[in-house]
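Notes for the structure review
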Amino acid sequence: QVQLVESGGGLVQAGGSLRLSCAASGRTFSSYAMTWFRQAPGKERELVAAISWNSGSTYYTDSVKGRFTISRDNGKNTVYLQMNSLKPEDTAVYYCAAKEAYYSDYVRYWGQGTQVTVSS
């Protein structure tokens, strides 16, 4: 069992930055691919970024490429999402999620989410 707890969300002006953190419990954190999803009001949840268990592979959805960076520290059981040059359209609840395989669509564990609001 893995529990995921996100932090770092908040209100920021357009052009600003935030860093989200997701702390995981459990000894098996390093075996999971980790992802960040987001869901804006009235929209479907979308995959924002993903990172493989050893940080060897990363993925970003087109709208955040060059602005967001996903990273992980397996020694601290934590995954991060550095968000720069934020835009109002980045406003959403951001969820951390663990997948058993990087290329799998199956999410094994979800966090509770953290709100990110970008004002124009």
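These figures come from a predicted structure and were not determined experimentally.

Enumeration over the complete set of coordinates arrives at one disulfide. Here C22 is linked by a disulfide to C96, with a sulfur-sulfur distance of 2.1 Å. The disulfide joining C22 to C96 has a torsion of about -75° about its S-S bond and is therefore left-handed. Linking C22 in strand β3 (residues 18-24) with C96 in strand β9 (residues 92-99), this pair joins segments that are 74 residues apart in sequence. Here C22 and C96 have matching classes, each one buried.

Moving on to the sheet that holds strand β7 (residues 68-73). Hydrogen bonds between backbone groups are what pair the strands of a sheet, and the pairing can be parallel or antiparallel. If you walk across this open sheet you meet the four strands as β1-β3-β8-β7, and the pairing is antiparallel. Here the strands that pair on one side only, and so sit at the sheet edges, are β1 (4-7) and β7. Each strand axis lies, on average, 15° off the axis of its neighbour in the sheet, ignoring direction. Here β1 runs beside β3; their pairing, made up of four bridges, is antiparallel.

Criteria and thresholds
Residues numbered from 1 in each chain as written. Predicted model: local features only at pLDDT ≥ 70, side-chain atom pairs only at ≥ 80, totals over all residues. Heavy atoms only, no water. Disulfide = S-S within 2.5 Å. Helix = DSSP H or I, 4+ residues; strand = E, 2+ residues; numbered from the N terminus. Buried < 20%, exposed > 50% of the residue type's maximum accessible area, 1.4 Å probe, protein only. Pairing = 2+ DSSP bridges. Axes fitted to C-alpha atoms, helices over the stretch in contact; angles between N-to-C directions.

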